[in-house]
Amino acid sequence: MPDHAPLLQVERLSKRFPVAGRRGALLHAVDDVSLHIAPGESLGLVGESGCGKSTLVRLLARLMDASEGRILFNGEDLAALPARQFARTPQRGAIQMVFQDPTDSLNPRYTARDTIAEPCRLLSGVDARTANERVDEVAAQVGLPPELLQRFPHQLSGGQKARVGIARALAPRPRLLILDEPTAALDVSVQAVVLQLLDRLRRDLGLSTLFVSHDLNVVRLLTERVAVMYLGRIVETGPSSSVFDHPAHPYTQALVSAIPGLGPRIRLEGEVQSPIDPPPQVCRFASRCTAVHDRCRREAPTLHADGLAIHQAACHVARWPARFPVQAAAGLPA
Ligand SMILES: Nc1ncnc2c1ncn2[C@@H]1O[C@H](COP(=O)(O)OP(=O)(O)O)[C@@H](O)[C@H]1O
Ligand code: SF4
Ligand SMILES: [Mg+2]
């Protein structure tokens, strides 16, 4: 496989949940999502609560089965294996996840050492001694002092529990680390330290990361590319600098306007479209969009690129960056 091939290539991935009490109705949590992550690349995933971020990353970590689509990891389709079977394959260790709440995701009866060693033993089939050596190694990498390894979660601070969660994810030597709101449950004073740690680990270990957050400022600083999700779909994607500095989709424009110091805030009005059986021909953002017009209710927009194909948006009237430096340098029309 050539070096420039993506590590992860997601093709037309969907997840629909049955709706309790409504026979035949389906909630479209993830709808026709395609994305890719290169080796060592950091992709951000943003969007408001309930738009499908956690469902998408749980599909990618193979914690649940997709309704449709392919998850090509290093060229192999992981979605073809049922989640239960996948949990027993060697590839299981290659994609690891750091969960939102370190307290919820740690077993209260396990010491930090047991927690970190567990996936290592399960995934790599190594003996207890080798697993223990690996625990010492990753504990040092995440800055967890050896004396804390014998402690149980209730004897650790929030920041220390977060480090245990990160060490557990690193133990089986993953190539892709998925971070689902990794600092949302932490005190503000600890958040920056944990984010810096994650960024340093990513660079030092050459990891690919998928970083889910509702904190756009953090995503802007820590990711190279970003995907914006709205009601199960990716509505905009591109280099983080381009998407944050020149958002093309009206939804992204509103999101970005909420970052303090970036000009006047655009307040979204109107009801959010229900994710249950959304009409296929209508733009899902139409109910809140100030630029809505007739075509938006007859033809759902699909992702299409700007002139240089590095920035994509799903909107009939996407407002492309007025002037990319590279576009200007190439003498192309802005
Ligand atoms: N197991 C489930 N069963 C039914 N609906 C679900 C399930 N998990 C998530 N959903 C629904 O899918 C949508 C996306 O949820 P989620 O992926 O958690 O969004 P986010 O992480 O962006 O907040 C929501 O409407 C949520 O209620
Ligand atoms: S396609 Fe229409 S409704 Fe949808 S975001 Fe664009 S302008 Fe708004
Ligand atoms: Mg979530």
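Basis of the calculations
- Residues numbered from 1 in each chain as written.
- Chains lettered and ligands numbered in written order.
- Predicted model: local features only at pLDDT ≥ 70, side-chain atom pairs only at ≥ 80, totals over all residues.
- Heavy atoms only, no water.
- Helix = DSSP H or I, 4+ residues; strand = E, 2+ residues; numbered from the N terminus.
- Buried < 20%, exposed > 50% of the residue type's maximum accessible area, 1.4 Å probe, protein only.
- Lys, Arg positive; Asp, Glu negative; His and termini not counted.
- Salt bridge = Lys/Arg side-chain N within 4 Å of Asp/Glu carboxyl O.
- Core = buried A, V, L, I, M, F, W, Y, C linked by side-chain atoms within 4.5 Å.
- Domains from an automatic or database assignment.
- Contact = heavy atoms within 4.5 Å.
- Buried area = accessible area lost by both parts, 1.4 Å probe.
- Near = heavy atom within 4 Å.
- Polar contact = N/O pair within 3.5 Å; in protein donor to acceptor, adjacent residues only side chain to side chain.
- Areas by Shrake-Rupley, 256 points an atom, 1.4 Å probe, with all protein chains shown as cover.
- Pairing = 2+ DSSP bridges.
- Axes fitted to C-alpha atoms, helices over the stretch in contact; angles between N-to-C directions.
- Phe/Tyr/Trp six-rings, centres within 6.5 Å; stacked < 30°, edge-to-face > 60°.
- Lys NZ or Arg CZ within 6 Å of the ring centre and 35° of its normal.
- pLDDT = per-residue confidence, 0-100.
- Parallel < 35°, antiparallel > 145°, perpendicular 65-115°, else oblique.
- Left-handed = near helix turned anticlockwise from the far one by under 90°.
- Nonpolar A, V, L, I, M, F, W, Y, C, P; charged D, E, K, R; others polar.
- Expected span 1.5 Å × (residues − 1).
- Arc of directions from axis to C-beta.

## Remarks on the side chain of E236
Note that E236 resides in strand β10 (residues 233-239). For the buried E236, no salt bridge is present, and the opposite-charge side chain at shortest range is R319, 9.1 Å distant.

## Overview of the nonpolar core
Core analysis: the biggest nonpolar cluster contains 54 residues, and I116, V142, L144, I166 and L170 have the highest contact counts within it. For this core, the element with the highest residue contribution is helix α6 (residues 158-170), accounting for 6 residues. Each of domain 1 (8-226) and domain 2 (247-329) accounts for three or more of the residues forming this core. Apart from the residues lying within four places of it in its own chain, the contact partners of V142 are R163, I166, A167, L170, L197 and L201.

## With respect to the domain arrangement of the protein chain
For the protein chain, the assigned domains read domain 1 (8-226) and domain 2 (247-329). Using only C-alpha atoms to locate each centre, domain 1 and domain 2 end up separated by 29 Å. Every contact between the two is made by 14 residues of domain 1 and, on the other side, 12 residues of domain 2. Summed over both sides, the interface between domain 1 and domain 2 buries roughly 1000 Å², with carbon and sulfur atoms accounting for 55% of that surface. By the criterion of area lost to domain 2, the three top residues of domain 1 are H28, E48 and L216, representing 43% of everything that side buries.

## Brief notes about unusual backbone geometry
The backbone of N74 sits at a positive phi, close to 55 degrees, despite the residue not being glycine. As for its placement among the helices and strands, N74 is situated in the loop between β4 (68-73) and β5 (76-77). Residue D277 is not a glycine yet carries a positive backbone phi of 40 degrees. Note that D277 resides in the loop between α10 (250-257) and β11 (304-305).

## Remarks on the site of ligand 1
In the vicinity of ligand 1, the contacting residues are F17, L27, A29, E48, S49, G50, C51, G52, K53, S54 and T55. At a separation of 2.6 Å, an oxygen atom of ligand 1 approaches a polar backbone atom of G50. Alone, ligand 1 offers 560 Å² of accessible surface; in the complex the protein occludes 61% of this. Broken down by element, the residue count for the shell around ligand 1 peaks at 3 residues, all from helix α1 (residues 53-60).

## Considering the sheet that holds β10
With mixed pairing, 8 strands are arranged side by side in an open sheet as β6-β7-β8-β3-β9-β10-β12-β11. Of all strands in the sheet, those with a lone pairing partner are β6 (95-98) and β11, marking the two edges. The pairing of β10 with strand β12 (residues 312-313) spans 2 bridges and is classified as antiparallel. Looking at the pairing, E236 lines up with A313 of β12. Sitting on the sheet, α6 touches β6 and β7 (176-180), and the angle it makes with β6 is about 175 degrees.

## Focus: the packing of aromatic side chains
Per the counting criterion, the structure on display carries 3 aromatic pairs. Between Y251 and F285 the ring centres are 5.4 Å apart and the planes differ by 65 degrees, which places this aromatic pair in the edge-to-face class. A residue pair is termed long-range when its members are at least 10 positions apart, and Y251 in helix α10 and F285 in the loop between α10 and β11 qualify at 34 residues. We classify F285 as buried; its relative accessible area is 2%. Among the aromatic residues, those joined into a cluster by ring pairs are Y230, Y251 and F285. Between R62 and the ring centre of F86, over which it is positioned, the NZ or CZ distance is 5.7 Å.

## Observations concerning the confidence of the model for the protein chain
In the predicted model, the protein chain carries a mean pLDDT of 90, and 94% of its residues have values of at least 70. In this model, residues 324-334 is a region of pLDDT below 50 whose contacts with residues beyond four sequence positions or in other chains number 14 contacts.

## Side note on the packing of α6 against helix α7 (residues 188-205)
It is at 10 Å that the axes of α6 and α7 come closest, and there the two elements cross at 20 degrees. Between α6 and α7, the crossing angle belongs to the class labelled roughly parallel. Crossing of α6 over α7 shows right-handed handedness. Where α6 approaches α7, its residues G159, A162, R163, I166 and L170 are matched on the opposing element by V190, V193, V194, L197, L198, L201 and L205. Looking at the contact of α6 with α7 residue by residue, the class counts come to 10 nonpolar, 1 polar and 1 charged.

## A look at the pairing of β4
Examined bridge by bridge, strand β1 (residues 8-18) and β4 share 5 bridges and lie antiparallel to one another. Along β4, the bridge assignment pairs L8 with F73. Bridging between β4 and β5 involves 2 bridges; their strand directions are antiparallel. For F73, the partnering residue across the bridge sits in β5 and is E76. Turn length for the β4-β5 hairpin, with the two strands adjacent in sequence and antiparallel, is 2 residues, and the turn residue N74 shows positive phi of about 55 degrees.

## Description of helix α5 (residues 128-141)
Here α5 contains 14 residues, and its C-alpha end-to-end distance of 20 Å stays within 8% of the 20 Å for a straight helix at 1.5 Å per residue. By the burial criterion, the buried members of α5 are A131, R134, V135, V138 and A139. Along the axis of α5, the buried positions cluster into a sector of 135 degrees, meaning they face one direction only. α5 presents R129 and A140 as exposed residues on the side facing more than 90 degrees away from its buried surface. Capping the start of α5, D127 holds a side-chain oxygen 3.3 Å from the backbone nitrogen of R129, two or three residues further along. Positive backbone phi, at 75 degrees, marks G143, one or two positions downstream of α5.

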